[in-house]
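Examining the three-dimensional arrangement
If you want the building blocks of each chain, they are given just below.
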Amino acid sequence: MIAPRLEIDLDKIRHNATVLAARLRARGVAVTGVTKACMGDYRIAEAFLSAGIGTLGDSRIENIEAIRRENATVPITLIRSPMLSQVDRVVAHADVSFNTELDVISALSTAARRTGRRHGVVLMVELGDLREGIMPGDLAEIARRTRRFPNIVLRGIGANLACQSGVSPDAGNMGELSRLADGVAETFCPRSGIVSGGNSSNLLWAFGAPDIGRINDLRLGESILLGQEPLHRRAIDGLYVDAFTLVAEVIEMKSKPSQPWGEIAQTAFGKPAFREDRGDVLRAILAVGHQDIDPAGLTPPAGIELLGASSDHLVCGTGGSRVAVGSEIAFQPNYSALLRAMTSGSVTKIFSGDRKRLHAPCGLSCAEPQSSAA
Ligand SMILES: *Cc1c(COP(=O)(O)O)cnc(C)c1O
């Protein structure tokens, strides 16, 4: 079979999305299904939608355009501040975008007016993780000025934590977001305004907090796709953690000394790892590497040990047993490995559980929509 490949179980993704959306709905929180790890692949978007998720979010306009080619009406939010050079595409294809700069909002307004559209804006607030966000003290003024732009609708506020600095969502920062939402309530409808609390790392807080305040939306990618929460990377009860499997093919199988010989300098990717002397070990080389996956993000099956990787080779210890050249080894990817595999043109994507026949290519360079028909 073709390798390397990423096997994607849409039924498991649909299950995870259904469970998370229902649990959050019970707390009054809607889910924005984030498709960026999958380049806006419509089969995955469709799994989110059929699980009852009403809004999609992606950080890249080209992914949003890929979804638009399949679905003209689903609400889509651009969850990264638009590039000034892309505002025309943003207002054409995204209903809402996350914003922190008045210059960008002004350009969105101009672009929306030119094409007779209205574009929604969610203002992102900095709560300590030091990625995107307006400083809290500036929010009221920027909200006021945002409201003055023609063809712009202030839809709400949001925050993002645990991405850049690992700051955890908690009662303190989520309480602050709720208070800020109260503060700007008079500038947008208090009932329907979006208060988007964050990403998958908000789930522990959202399920555990006695009071979630005004937070009424979370943007979920990793937790749906991988069934785990990103703060401690623990599995979430009742979810599948194996919706994605990375399969690679063995191209060399030899017994070699466990330590390199010769003068040691740098490797292709920096400092070499120290290897203790274990005598000769059986090593398999697989035809997959940094270009296709994040090697550190692969969990091998029992008995297989990751020894190293370069651009195109993954070296594994096989625990004393021989695996045949031409055979395959399957790994569980973490978010980092998944992101790279999904966006690599040399990893073929094989979907199962596909409920919709595509009528157009989905935007992934090498993804043949093959259904292993469940
Ligand atoms: C990527 C991203 C998300 C989704 O994060 P997950 O951890 O995959 O749930 C949400 N919001 C923003 C702004 C993002 O960039």
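Small disclaimer: the values here were computed from a predicted structure and weren't measured. (Residues numbered from 1 in each chain as written. Predicted model: local features only at pLDDT ≥ 70, side-chain atom pairs only at ≥ 80, totals over all residues. Heavy atoms only, no water.)

What follows covers the overall build of the protein chain. Scanning the protein chain from terminus to terminus reveals 10 helices and 18 strands. Out of the 374 residues belonging to the protein chain, those deemed buried represent 51%. A sequence separation of at least 24 residues applies to 65% of the contacts in the protein chain between residues at least 6 apart. Of the roughly 16800 Å² of accessible surface on the protein chain, a fraction of 50% belongs to carbon and sulfur atoms. Taken as two groups, the 41 positive and 41 negative side-chain charges of the protein chain have centres that lie 5 Å from each other. (Helix = DSSP H or I, 4+ residues; strand = E, 2+ residues; numbered from the N terminus. Buried < 20%, exposed > 50% of the residue type's maximum accessible area, 1.4 Å probe, protein only. Contact = heavy atoms within 4.5 Å. Areas by Shrake-Rupley, 256 points an atom, 1.4 Å probe, with all protein chains shown as cover. Lys, Arg positive; Asp, Glu negative; His and termini not counted. Charge placed at Lys NZ, Arg CZ, Asp CG, Glu CD.)

Here the domain parsing of the protein chain yields domain 1 (9–235) and domain 2 (244–352). Each of domain 1 and domain 2 has a C-alpha centre, and the two are 36 Å apart. With both sides pooled, the region where domain 1 packs onto domain 2 buries about 1100 Å², and carbon together with sulfur makes up 73% of that total. If you sort the residues of domain 1 by the area they bury against domain 2, Ala37, Met39 and Leu226 come out on top, with a joint share of 39%. In this assembly, domain 1 and domain 2 are joined by zero salt bridges. Summed over the shared surface of domain 1 and domain 2, the result is one residue pair in polar contact (both at pLDDT 80 or more). Elements supplying a minimum of two residues to the side of domain 1 that touches domain 2: helix 1 (10–25), helix 2 (42–50) and helix 9 (222–226). Each residue belonging to the side of domain 1 that touches domain 2 can be placed in one class, and the counts come to eight nonpolar, no polar and six charged. (Domains from an automatic or database assignment. Buried area = accessible area lost by both parts, 1.4 Å probe. Salt bridge = Lys/Arg side-chain N within 4 Å of Asp/Glu carboxyl O. Polar contact = N/O pair within 3.5 Å; in protein donor to acceptor, adjacent residues only side chain to side chain. Nonpolar A, V, L, I, M, F, W, Y, C, P; charged D, E, K, R; others polar.)

Residues in close proximity to the ligand total 13 residues, the closest being Lys36, Ser200, Arg219, Gly221 and Glu222. Within the contact set of the ligand, an oxygen atom lies 3.2 Å away from a side-chain nitrogen or oxygen of Arg131. In this structure, Asn160 approaches the ligand through a side-chain N or O atom, which is 3.4 Å from a nitrogen atom. Bound to the protein, the ligand loses 94% of the 390 Å² it would expose on its own. When grouped by side-chain class, the residues that make up the shell around the ligand number four nonpolar, four polar and five charged. (Near = heavy atom within 4 Å.)

Cis geometry marks the peptide bond from Ala3 to Pro4, where omega comes out at -5°. Here Pro4 is to be found in the segment before strand 1 (5–9). For Met39, which is not glycine, the phi torsion reads 55° and is therefore positive. Relative to the assigned elements, Met39 resides in the loop between strand 2 (30–34) and helix 2. A positive phi is found at Leu130, a non-glycine position, where the angle reads about 60°. Its place among the elements puts Leu130 in the loop between strand 6 (119–125) and helix 6 (139–148).

A word on the pairing of strand 2. Within strand 2, four of the five residues are buried, which leaves the element mostly enclosed by the surrounding structure. With four bridges joining them, strand 2 and strand 9 (residues 217–220) adopt parallel strand pairing. Along strand 9, the bridge assignment pairs Val31 with Leu218. Note that strand 2 and strand 3 (residues 55–58) share three bridges and pair parallel. The residue bridging Val34 from the neighbouring strand is Gly57, located in strand 3. Each parallel crossover has a hand, and the one from strand 2 via helix 2 to strand 3 is right-handed. (Pairing = 2+ DSSP bridges. Right-handed = clockwise from strand over helix to strand, strands pointing away.)

A few words on the pattern of salt bridges. A full pass over the atoms with the stated rule returns 14 salt bridges. Between Arg89 and Glu65 there is a salt bridge, with its nearest N and O atoms 2.8 Å apart. Here the residue Arg89 occupies a position in helix 4 (residues 87–93), and Glu65 occupies one in helix 3 (residues 61–70), the gap between them amounting to 24 residues. Residue class for Arg89 comes out partly exposed when judged on its relative accessible area of 33%. Residue classification places Glu65 among the buried residues on the basis of a relative accessible area of 14%. Residues joined in a network through salt bridges with shared partners are Arg5, Glu7 and Glu328.

With 94% of its residues at a pLDDT of 70 or more, the protein chain has an overall mean of 93. Confidence over residues 357–374 falls short of pLDDT 50; this stretch has 37 contacts with residues more than four positions distant or in other chains. (pLDDT = per-residue confidence, 0-100.)

The two faces of the sheet receive side chains in turn, since in a regular strand these alternate between them. Burial along strand 16 (residues 314–317) is two-sided: Leu314 and Cys316 and Val315 and Gly317, pointing in opposite directions, are all buried. In this structure, strand 13 (residues 280–286) lies alongside strand 16, joined through four bridges in antiparallel fashion. Pairing of Ile285 across the sheet is with Val315, part of strand 16. Taken together, the four bridges between strand 15 (residues 305–309) and strand 16 define a ladder with antiparallel strand orientation. Bridge pairing in strand 16 places Gly308 opposite Val315.

This brings us to the environment of Gly57. Here Gly57 shows up in strand 3. Given the relative accessible area of 0%, Gly57 is considered buried. Taking C-alpha positions, Gly57 is 27 Å from Pro295, a pair spaced 238 residues apart along the chain. Residues contacting Gly57, with those up to four places away along its chain left out, are Thr32, Gly33, Val34, Thr35, Lys36, Thr77 and Ile79.

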